[in-house]
Amino acid sequence: MRTLLSGTAYLSRAALRRGPGRIADFDRAVLRRISRWPHGNHDAFFRNLSSSATKGKLWFAVAGGLASVPGKPRRAAVHGLLALGVASAVTNLGFKTLLPRTRPLPEHLPVFRFVHPQPTSSSMPSGHSASAVAFTLGVSFVHPALGALLAPVAAGVAYSRVHTGAHWPSDVVFGSAIGAGAALLTRRWWPERPEQPEQLSTSETLPKIDDGAGLAIVVNPKGGSYAPETADLLQQAFPQAYLRETDEDEDVTAVVEETAARPGTQALGVWGGDGTVGTAAAAAVEHGLPLLVLPGGTLNHFARDVGITTLADAVAAAETGRGIRTDLARVTAGRGLNGMDEIRESAMLNTASVGVYPNLVRRRERLQGTLGKPLAGLIAGLRTFAVSSPTTLLIDGVRHRIWILYLGRGRYYPRDLAPLARPVMDDGVLDVRMVTADEPFARLRLLWGVLTGTAGSSKVTHLREAVRLTIEALDAPLVIAVDGEPLPGVRTAEFSVRPGHLRVYSPGPLAGDHP
C-alpha cells in the first residue's frame, strides 16, 4: 500500500508540475460542456446516485446482497469490500492530504445541478470513484459476470461526481486509477482458485455378483448410522452373500482378514465408517479381491468418491461388474521411546492429519448447522489458530513448526485449507498441505488469511505433492488421524502411495471414464 501511495503521489505531482494549465483547461472544458445540458430528470438521478455511494453505502448494500448467496457471490462480496477498504484508506488518509485542491465553484455549473452541501475535503482525488472502481474490479476478479453488471453502476457513480460539481474530471480519473490499483494489489492476496478437473476414473471389469453369490460382507455396528435392521436390509439386497457382523469386543482387523480368506469369496464387501473401509481395502488388496463399499457408517467419504451413495448403487455395480481402479496409501507408524518399539501398518483411503486440523473440523461441524459452512469455517479457524500452539516435527528431514500437516490420498479441491472434493481417484500422489509457524508473525499472517479467505495463498501455507513423506516427532509423541481414526503415541511415520492397487465396484460410468 505504501508503494502504491508514494508512486502514485510522485506521478501526480510530476504531472501537475509539467502541465497544471493543461489539466485545468481540460477540467473547465468538460464542465462547460456539461453545464450546457438542459435541466431534466437525469439531474435528480445523478444526484441521488452520488448520494447513495457516499461513505460506501451503495457498495455495502450490494455486498450484503451478494453475501447472502453462498459460493462465488459471497467470496466476490468479501473481495470487493477488501479492495474498497484499501482504496478508501489510500485516498482519504493519503492523497487528500498530499494533494490539496479546491473543488469546483458554483459558477462552473448551473445552481440546480450543483451539489449541496459541497464537501470540504480536498477535491483531488475522488473517493467515490476510487471506491466504485475498487469494489467493482474486486468483485469481477472472483465473479466476472457480476463485475460486468456492476460496471455501469460504478461508471455512473464516477460521472455523477462531475455532473453534480463535487469534483473536477481529473479528480475522477485519478480516483478511478487509485481504485483499479487497489483492486489489483488485493488480487495478490486473493488469487483465483484453480478450476476443479472433471471426475475421472480408470474403468475395470470385475466379477458379476448376482444375488450376492460369492460376496462376503463385514458389518461394523460401531458405524454411526447402524440400526438393528441394517443386517436384514443388506441380506435382502444380497440374499446369497455371507454376512459377518463384528461384536463389541472383537478386533475389526481380524474379522475382516478372516472374512476375506473364506473359501469361494470373489469379492469383499464392507459396511462401516472410513476407518473400517480402509481396513477392508487393505485386506482386499492382500487377497486379490475387488472391494464393494456399502454406504453406511460415520462419514463414507470413499463411498461417495467412487459413486456409491445408496444401497441401490452398490447392488447395480455388483450385478453389472462395473468397477474402477484407485490408489491406496500406506501408513507405517512407529511408536515407543525411539519410534522402533512398535511398528503399525495401516491403509489410508482418504486423508491423514497431524496438529490442530481435527479440532478445526470439529469446531466447524458444530457451527455449520446454524451458520452455514463458510461462516462456520471462518469462526472455527479464528478460534482454533488464536489459542493453539504449533508442533515441532522433522518432515522429510527438515525441521518445521506446524499447526497443520494434512495429507490427502490424491489431489483434493479447492486448493486451500478446506479441501472438499477428489475428482481423480488414481493420480498416484499424496496431496501435502502444511500450515507452518516458521515465518515471522506467522500467527498474524494465518489469522489474516483465515479472515480474508486467503489462507491457501498465505506465506505460512505450503502446498505440494509427493509419493512418499516421512515425519518424526521432536517433542511429545503425536496423535495422527488416519481416515478419521486417531492413532496416538506416534514417534515416526511414513506415508506412501501404491498406484492403482485397489479394485473397487462403482456404478458408473463416471464423467471422463476411460479404459
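This text goes with the structure placed above it.
Our subject in this report is the structure included herewith. As the structure is a prediction and not an experimental result, all values here were calculated from the model.

### Let's talk about the overall build of the protein
- Scanning the protein from N- to C-terminus turns up 16 helices and 15 strands.
- Across the 515 residues that make up the protein, the buried fraction comes to 50%.
- For the protein, long-range pairs separated by at least 24 residues make up 74% of all intrachain contacts whose partners lie at least 6 apart in sequence.
- Summing over all exposed atoms, the protein offers an accessible surface of approximately 23500 Å²; the carbon and sulfur share of this is 57%.

### What about the pattern of salt bridges?
- All told, the structure shown has twelve salt bridges when counted by the stated rule.
- For Arg422, the salt bridge identified is with Asp305, shortest N-O distance 2.9 Å. Taken together, the residues span a long stretch of sequence, with Arg422 in the loop between β10 (398-409) and β11 (430-436) and Asp305 in helix α12 (residues 301-305) at a distance of 117 residues.
- Using a relative accessible area of 3% as the deciding quantity, one classes Arg422 as buried.
- By relative accessible area, which is 6% here, Asp305 ends up buried.

### Some points on unusual backbone geometry
- The phi dihedral of Lys55 falls on the positive side, at around 60°, and the residue is not glycine.
- Examined against the element boundaries, Lys55 turns out to sit in the loop between α3 (41-52) and α4 (57-67).
- We classify Lys55 as exposed; its relative accessible area is 78%.
- Positioned with a positive phi, Asp211 is a non-glycine residue whose angle comes to about 60°.

### Quick look at the environment of Gly175
- With respect to the element layout, Gly175 can be found in helix α8 (residues 169-187).
- Classification of Gly175 as buried rests on a relative accessible area of 0%.
- Filtering out sequence-adjacent residues up to four positions away, Gly175 remains in contact with Pro125, Ser126, Ser129 and Ala130.

### Quick notes on the pairing of strand β5 (residues 291-294)
- Burial along β5 is two-sided: Leu291 and Val293 and Leu292 and Leu294, pointing in opposite directions, are all buried.
- Where strand β4 (residues 267-271) and β5 come together, four bridges link them in parallel fashion. Its bridge partner lying in β5, Val270 is registered against Val293.
- With helix α11 (residues 274-286) bridging β4 and the parallel β5, this β-α-β connection has right-handed handedness.

### So, the packing of aromatic side chains
- Here the structure, examined in full by the defined rule, presents five aromatic pairs.
- Relative to Phe174, the ring of Phe95 lies with its centre 5.3 Å away and its plane at 65°, an arrangement referred to as edge-to-face. Residue Phe95 is found in helix α5 (residues 72-98), and its partner Phe174 is found in helix α8; the two are separated by 79 residues along the sequence. Accessibility assignment for this pair places Phe95 and Phe174 in one class, buried.

### Description of the nonpolar core
- Formed by 43 residues in total, the largest nonpolar core has its most connected members in Leu215, Phe238, Leu268, Leu291, Leu292, Leu294 and Phe302.
- Looking at this core, the element that brings in the most residues is α11, giving five residues.
- Residue contacts for Leu294: discarding those within four places in its chain leaves Ile217, Leu234, Phe238, Val270, Trp271, Asn300, Leu311 and Ala314.
- In this structure, Met348, Ala352, Leu393 and Ile471 belong to the second largest nonpolar core, which totals 26 residues.

### Digging into helix α13 (residues 311-320)
- When we look at burial in α13, the residues that qualify are Ala314, Val315, Ala317 and Ala318. Buried residues of α13 fall within an arc of 165° about the axis and therefore sit on the same side.
- On its buried face, α13 is in contact with α9 (230-237), β5, β6 (322-335) and β15 (485-505).

### Some words on the environment of Ala283
- For Ala283, the location among the structural elements is in helix α11.
- Sequence separation of Ala283 and Ala254 is 29 residues, and the distance between their C-alpha atoms is 9.9 Å.
- Ignoring sequence-local partners within four residues, the contact set of Ala283 consists of Val256, Glu257, Ala260 and Leu268.

### Re the packing of α4 against helix α7 (residues 144-163)
- It is the contact of α4 with α7, at a shortest axis distance of 12 Å, that shows an interaxial angle of 165°. Between α4 and α7, the angle is such that the two are roughly antiparallel. Note that α4 runs across α7; the crossing there is right-handed. On α7, the residues touching Leu58, Trp59, Val62 and Leu66 of α4 are Leu146, Leu150, Val153, Ala154 and Val157.
- Considered class by class, the residues forming the contact of α4 with α7 number nine nonpolar, no polar and no charged.

### Regarding α4
- Along α4, the residues classified as buried are Leu58, Trp59, Ala63 and Leu66. Along the axis of α4, the buried positions cluster into a sector of 130°, meaning they face one direction only.
- Residues of α4 that are buried in the fold lie against α3, α5, α6 (127-142) and α7.

### Let's talk about the packing of α6 against α7
- Axis separation between α6 and α7 bottoms out at 8 Å; the angle between their running directions is 175°. The angle between the axes of α6 and α7 places the two elements in the roughly antiparallel class. Residues His128, Ser129, Ala132, Phe135, Thr136, Val139, Ser140 and Val142 of α6 form the contact with α7, whose participating residues are Pro144, Leu146, Gly147, Leu150, Ala151, Ala154, Val157, Ala158 and Arg161.
- Among the residues making up the contact of α6 with α7, the classes are represented as eleven nonpolar, five polar and one charged.

### Let's talk about the side chain of Asn220
- Along the chain, Asn220 turns up in the loop between β2 (215-219) and α9.
- Given the relative accessible area of 7%, Asn220 is considered buried.
- A polar contact of 2.9 Å, which involves the side chain of Asn220, links it to the side chain of Thr276.
- Those residues within four positions of Asn220 in sequence are excluded, and the remaining contacts are Thr246, Val252, Trp271 and Thr276.

Definitions and cut-offs
Residues numbered from 1 in each chain as written. Predicted model: local features only at pLDDT ≥ 70, side-chain atom pairs only at ≥ 80, totals over all residues. Heavy atoms only, no water. Helix = DSSP H or I, 4+ residues; strand = E, 2+ residues; numbered from the N terminus. Buried < 20%, exposed > 50% of the residue type's maximum accessible area, 1.4 Å probe, protein only. Contact = heavy atoms within 4.5 Å. Areas by Shrake-Rupley, 256 points an atom, 1.4 Å probe, with all protein chains shown as cover. Salt bridge = Lys/Arg side-chain N within 4 Å of Asp/Glu carboxyl O. Pairing = 2+ DSSP bridges. Right-handed = clockwise from strand over helix to strand, strands pointing away. Phe/Tyr/Trp six-rings, centres within 6.5 Å; stacked < 30°, edge-to-face > 60°. Core = buried A, V, L, I, M, F, W, Y, C linked by side-chain atoms within 4.5 Å. Arc of directions from axis to C-beta. Axes fitted to C-alpha atoms, helices over the stretch in contact; angles between N-to-C directions. Parallel < 35°, antiparallel > 145°, perpendicular 65-115°, else oblique. Left-handed = near helix turned anticlockwise from the far one by under 90°. Nonpolar A, V, L, I, M, F, W, Y, C, P; charged D, E, K, R; others polar. Polar contact = N/O pair within 3.5 Å; in protein donor to acceptor, adjacent residues only side chain to side chain.

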